[in-house]
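# Structure at a glance
What follows is the residue order along each chain.
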Amino acid sequence: MGRIRICSLGAIVLGVFMVIGALGESHTHDQDASDDEVIQKPVYKSPTVSGFAYLAEHFDDRERFRTAWVQSLAKKEEIDEDIAKYDGIWAVEEPTRSVQESDLGLVLKSKARHAAIASLLNKPFKFEDKPLVVQYEVNFQEGQECGGAYLKLLTQEESSLDLSKFHDKTPYTIMFGPDKCGTDHKLHFIFQHKNPVNGTIEEKHSKKPKERLEDYFKDKAPHLFTLIVKPDNSFQVKVDGKIVNDGSLLDDFTPPVNPPLEIEDPNDIQPEDWDDREKIPDPTAVKPEDWDEDAPAHIVDEDDVVPEDWLESEPPTIPNPDSVKPEDWDVEMDGEWEPPEIPNPKCEGVSGCGVYKQKMKKNPRYKGKWLPPLINNPNYKGKWKPRLIHNPEYFNDQQPFKMMPIGAVGFELWSMSPDILFDNIIITDDEDVAKQWADDTFEIRRRKIAQEGSGLWRQIANFTVENPWIWAVYIASVGLPLLLVIYCCCFASKDSSDDEKDPLAPNDETKYSTPGGSVNPEDEVPHLARPEEPLNDNTENEEETDEIIASEKDDEGGSGDGPRRRKPNKE
Ligand SMILES: *[C@@H]1O[C@H](CO)[C@@H](O)[C@H](O)[C@H]1NC(C)=O
């Protein structure tokens, strides 16, 4: 079997090489003439912002990056020293699958480490009369097992803005972006809402996106994440320009921004006399005279008679007459010896022996316990619920958009998969500016990747049209291995127990030396073609197979051909 696998694998590899070789040759021909778009990376130009942005970062300028971005040196609060450090590794580099020379991105290199990095905005974003637009690219270059790639928009306040101390508890206003663990795929939009009554800050989580999110984490392609929050409290979440979630800050978050106007009174208790039984036993019903609660469910069937052949005087078992008292039986210790009982041989072939017991039958008078029927309860008051009172914590904030101002953005992450690439972050208050920025960055990159992806297939298609003979290669490269695999599966599996004697292996002596051996495919075919013929020795065949396998072990020479000759019979 091993050799068969190797030989079919060899055929596949050979086929693939033939195709690649042929294409490679075609490519060198073509190239002189025209297409070089696929081969040369195009010249890349860093984008410029088409309007005002609070932050627009393309990461192409390493010098700028070093001054604008601050890596956190903090420690995570309240956990073990060793794992609390923010010591994850960030790099500015080209994507692993680079389509544009010197288009750099920010890459979280390390896995299973806390990593945080942040940058101040040009000026704080204040939630007034313009929308907030947040947009950035993420590429899970190694997929994602478990971990986030979300952006935190840090609140403009004293404790947030020393970026070297950025950690998980640093106050943020919005958290936005993808996050995954196992089969739980998320695209967060969380905002912090300040309670206007007592100033407490609470996280509000948006409802789930309606789209499937799996692919963004596993296709190893760049994806563009956009969040737009407007002064009218509406929001939109887009991926690659397509809306995947939208709604209102007032209606689509948990817990809701505004508490309910009324709540159940916690001091209200169910009155003692509250009757919440919907049905009660009919108090006027009486047990009928003839209702015998004591009548048993089953009674002896008096009509049942002893079968004629029943031997009432014979015991069903007798002491075994053949058993003898063991030598070492000690009457003092073990008691009087009694031979074990065995079924009475006289009872064999008759209905039974011993005292006859009549069968039981269902009692027609059986009624069981009498219960009065149920009727509607005239005093039923319904299920009890505490009364509603005005919610003392009630407030009505009709402008949750007016969030706390944003002073900086940052990533504060932990990931099980390395090499997450971030690029082209923009924070602006103008949707068009963000759109233009995406057109100049993400959209160009996306087109390049699509071109590169289709490039190879296009070449194969073109070459096939120009060189129809290549079909022979395709057929050979797919068909031959397939034939071999089928052949191996159908005819050689029985021999798999013994690699050494595999008769199909090219170097095996038996292939040539066995007289009349059916090792050549030409010899096999006739057996298949006349399946009726050997039917008469079918039974013998089953037995012989074992023999032959056994004989194979001691007799090397003639081993192979017996079982092979018979194999087609089984079908
Ligand atoms: C503020 O009010 C919320 C409910 O609206 C409550 O859960 C929270 O405990 C309050 N905070 C303080 C400090 O009283």
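Scoring rules and cut-offs
Residues numbered from 1 in each chain as written. Predicted model: local features only at pLDDT ≥ 70, side-chain atom pairs only at ≥ 80, totals over all residues. Heavy atoms only, no water. Near = heavy atom within 4 Å. Polar contact = N/O pair within 3.5 Å; in protein donor to acceptor, adjacent residues only side chain to side chain. Areas by Shrake-Rupley, 256 points an atom, 1.4 Å probe, with all protein chains shown as cover. Core = buried A, V, L, I, M, F, W, Y, C linked by side-chain atoms within 4.5 Å. Buried < 20%, exposed > 50% of the residue type's maximum accessible area, 1.4 Å probe, protein only. Helix = DSSP H or I, 4+ residues; strand = E, 2+ residues; numbered from the N terminus. Contact = heavy atoms within 4.5 Å. 1 Å grid on protein atoms, 1.4 Å probe; cavity = no way out; pocket = protein on both sides within 12 Å on 5 of 7 lines; lining within 4 Å. Points joined across faces, edges and corners; volume = space filled by probe spheres on them. Phe/Tyr/Trp six-rings, centres within 6.5 Å; stacked < 30°, edge-to-face > 60°. Disulfide = S-S within 2.5 Å. Salt bridge = Lys/Arg side-chain N within 4 Å of Asp/Glu carboxyl O. Arc of directions from axis to C-beta.

Turning our eyes to something else, we now look at the site of the ligand. What surrounds the ligand is the set Asn195, Asn198, Thr200 and Glu393. At 2.5 Å, a side-chain N or O of Asn198 approaches an oxygen atom of the ligand. Within the side chain of Thr200, an N or O atom sits 2.8 Å from a nitrogen atom of the ligand. Alone, the ligand offers 360 Å² of accessible surface; in the complex the protein occludes 43% of this.

Next up on the list: the nonpolar core. Grouped together as the largest cluster of nonpolar side chains are 64 residues, with contacts concentrated most on Tyr136, Ile174, Phe176, Phe189, Phe411 and Phe422. Ranked by residues supplied to this core, first place goes to strand E5 (residues 114-125) with six residues. What Phe411 contacts, discounting residues up to four positions off in sequence, is Trp90, Leu106, Ala115, Ala116, Ile117, Tyr136, Ala149, Tyr150, Leu151, Phe166, Phe422 and Ile425. Core analysis: the next-biggest nonpolar cluster, separate from the first, contains seven residues, Ala53, Val133, Ile228 and Ala434 among them.

Right, let's talk about empty space enclosed by the protein for a bit. Scanning all chains against the criterion turns up three cavities of 30 Å³ or more. Taken as a whole, the largest cavity holds about 90 Å³ of empty space.

The description of an aromatic ring pair uses the distance of the two centres, along with the angle that the planes make with each other. On inspection of all chains with the given rule, the structure shows 22 aromatic pairs. Residues Tyr216 and Phe225 carry aromatic rings whose centres are separated by 6.3 Å and whose planes lie at 85° to one another, so their mutual orientation is edge-to-face. You can call Phe225 buried: its relative accessible area is 1%. The rings of Trp90, Tyr136, Phe176, Tyr216, Phe225, Phe411 and Phe422 are connected pair by pair, giving a single aromatic cluster.

All right, on to the state of the cysteines then. Tallying each qualifying case throughout the model produces two disulfides. Paired through a disulfide, Cys146 and Cys181 show a sulfur-sulfur distance of 1.9 Å. Its torsion about the S-S bond being -95°, the disulfide of Cys146 and Cys181 is classed as left-handed. On the criterion of sequence distance, the pair formed by Cys146 in strand E7 (residues 146-148) and Cys181 in strand E9 (residues 172-181) is long-range, its members being 35 residues apart. Under the relative-accessibility criterion, Cys146 is labelled buried at 18%. Judged by its relative accessible area of 40%, Cys181 is partly exposed. Disulfide pairing is shown between Cys347 and Cys353; the S-S distance is 1.9 Å. Note on the Cys347 and Cys353 pair: the S-S dihedral is about -125°, so by sign convention the disulfide is left-handed. What links to what in the protein: the bonded cysteines, counted in sequence order, pair as 1-2, 3-4.

What follows covers the pattern of salt bridges. Enumeration over the complete set of coordinates arrives at 24 salt bridges. The salt bridge involving Lys165 is made with Asp162; its shortest N-O contact spans 2.8 Å. Given the relative accessible area of 33%, Asp162 is considered partly exposed. As a salt-bridge pair, Arg387 and Asp268 come within 3.9 Å of each other at their nearest N and O atoms. With Arg387 in the loop between strand E22 (374-376) and strand E23 (388-390) and Asp268 in the loop between strand E16 (262-264) and strand E17 (279-281), this residue pair connects regions lying 119 residues apart in the sequence. By sharing partners, the salt bridges in this structure join Asp103, Glu137, Asp423 and Arg445 into a single network.

This brings us to helix H6 (residues 431-440). Along H6, the residues classified as buried are Val433, Ala434, Trp437 and Ala438. Seen from one end, H6 has its buried residues packed into an arc of 135°, which puts them on one side. The distance from a side-chain oxygen at the start of H6 to the backbone nitrogen of Asp432 is 2.9 Å, and the residue carrying that oxygen is Asp430.

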